[in-house]
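# Breakdown of the fold
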Amino acid sequence: QKEVEQNSGPLSVPEGAIASLNCTYSDRGSQSFFWYRQYSGKSPELIMSIYSNGDKEDGRFTAQLNKASQYVSLLIRDSQPSDSATYLCAVIPPRGGGNKLTFGTGTQLKVEL
Amino acid sequence: NAGVTQTPKFRILKIGQSMTLQCTQDMNHNYMYWYRQDPGMGLKLIYYSVGAGITDKGEVPNGYNVSRSTTEDFPLRLELAAPSQTSVYFCASSYSATSSYEQYFGPGTRLTVT
């Protein structure tokens, strides 16, 4: 079982719709969760972090965390063509130090006109 | 602030050559990281450092070395380059003294070994 799993996609949504990106993780003790956006040929850009169960909203982005189900999601409201990118889920597992991130392989999002 | 900077942007190496990838951050972050990203794959941690003079291995350290003599700089050394080291390399940094553990990435170095 992979430590962090994401559907590779592509996930296609029409412009203006809600895009829902999902991520599951295997280490139940994980406490810190992140969503990064990566445009083709560019570096990952942090868009959301979440540490507690529930929802966290920032503009058009909402991160949702359910530790009991070991599930974290990212909702993008009013999706725009500029949101087309690969979204990486990352987790800090409880073991070891250095706040090391474990990444999923990413979900490719395509927002269509 | 420039954030995290990396040089070079691109490099082609021949098998067996060596090189150093440079990484510098100006955010006074104490934690720094090196990742590699292969096509269609997630990022894999190569080495990390929790402060000057302290480094440790990540998930895929073989074929690489690092040093951390200052807070700002965290160079990655490739010795005896192999085709399997063809990848995009990202440096990242974070600040451990706050309760957030967010990592910020540099623009990357695209390395081809032929």
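Our subject is the structure that appears above.
Our subject in this report is the structure included herewith. Note that the structure is a prediction, hence the values are computed from the model and not measured.

## Side note on the nonpolar core
Judged by nonpolar contacts, the single largest core of 23 residues is most densely connected at F33, W35, V72, L74, I76, Y87 and L109 of chain A. The set of elements that each furnish at least two residues to this core consists of β3 (19–25), β4 (32–38), β5 (45–50), β7 (61–66), β8 (71–76), β9 (85–92) and β11 (107–112) of chain A.

## Considering the layout of surface pockets
Approximately 640 Å³ is the volume attributed to the largest pocket. In this structure, the largest pocket is lined by 29 residues; those nearest its centre are Q38, G41 and K42 of chain A together with Q37 and R110 of chain B. Going through the elements one at a time, β9 and β11 of chain A together with β9 (87–94) and β11 (109–113) of chain B are the ones with two or more residues in the lining of the largest pocket. Of the residues that constitute the lining of the largest pocket, the class distribution is ten nonpolar, 14 polar and five charged. Estimates place the volume of the second largest pocket at around 450 Å³.

## What to know about the interface of chain B and chain A
Facing the 23 residues of chain B at the interface are 21 residues of chain A. Together chain B and chain A conceal approximately 1600 Å² of surface at their shared face, both sides included; 59% is due to carbon and sulfur atoms. The three residues of chain B that bury the most area against chain A are L43, Y101 and F105 of chain B, which together make up 31% of that side's buried surface. Run the count over chain B and chain A and you get zero salt bridges. Taken together, the connections running from chain B to chain A amount to seven residue pairs in polar contact (both at pLDDT 80 or more). Its residues assigned to classes, the side of chain B that touches chain A comprises 13 nonpolar, eight polar and two charged.

## Description of unusual backbone geometry
With the exception of glycine, the majority of residues adopt a negative phi angle, and the majority of peptide bonds are in the trans configuration. Across the junction of G9 of chain A and P10 of chain A, the peptide omega takes the value 10 degrees, indicating a cis bond. Tracing the backbone shows P10 of chain A in the loop between β1 (4–5) and β2 (11–14). The linkage connecting T7 of chain B with the following residue, P8 of chain B, adopts the cis geometry, with an omega of -10 degrees. Mapped onto the secondary structure, P8 of chain B falls in the loop between β1 (4–7) and β2 (10–13). Positive phi values are uncommon outside glycine, yet N28 of chain B reaches one of about 60 degrees. Structurally, the position occupied by N28 of chain B is in the loop between β3 (19–25) and β4 (31–37).

## Considering the sheet that holds strand β8 (residues 76–78) of chain B
Residues and elements named next belong to chain B. Read across the sheet, four strands follow the order β1-β3-β8-β7 without closing on themselves; strand pairing throughout is antiparallel. Single-partner strands in this sheet number two, and they are β1 and β7 (64–66). Each neighbouring strand pair of the sheet contributes to a mean axis angle of 20 degrees, computed without reference to strand direction. Pairing geometry for β1 and β3, over four bridges, is antiparallel. Within the sheet, the bridge partner assigned to T5 lies in β3 and is T24.

What counts, and at which threshold
Residues numbered from 1 in each chain as written. Chains lettered and ligands numbered in written order. Predicted model: local features only at pLDDT ≥ 70, side-chain atom pairs only at ≥ 80, totals over all residues. Heavy atoms only, no water. Core = buried A, V, L, I, M, F, W, Y, C linked by side-chain atoms within 4.5 Å. Buried < 20%, exposed > 50% of the residue type's maximum accessible area, 1.4 Å probe, protein only. Helix = DSSP H or I, 4+ residues; strand = E, 2+ residues; numbered from the N terminus. 1 Å grid on protein atoms, 1.4 Å probe; cavity = no way out; pocket = protein on both sides within 12 Å on 5 of 7 lines; lining within 4 Å. Points joined across faces, edges and corners; volume = space filled by probe spheres on them. Nonpolar A, V, L, I, M, F, W, Y, C, P; charged D, E, K, R; others polar. Contact = heavy atoms within 4.5 Å. Buried area = accessible area lost by both parts, 1.4 Å probe. Salt bridge = Lys/Arg side-chain N within 4 Å of Asp/Glu carboxyl O. Polar contact = N/O pair within 3.5 Å; in protein donor to acceptor, adjacent residues only side chain to side chain. Pairing = 2+ DSSP bridges. Axes fitted to C-alpha atoms, helices over the stretch in contact; angles between N-to-C directions.

Everything listed here is a matter of geometry and, on its own, says nothing about what the molecule does.
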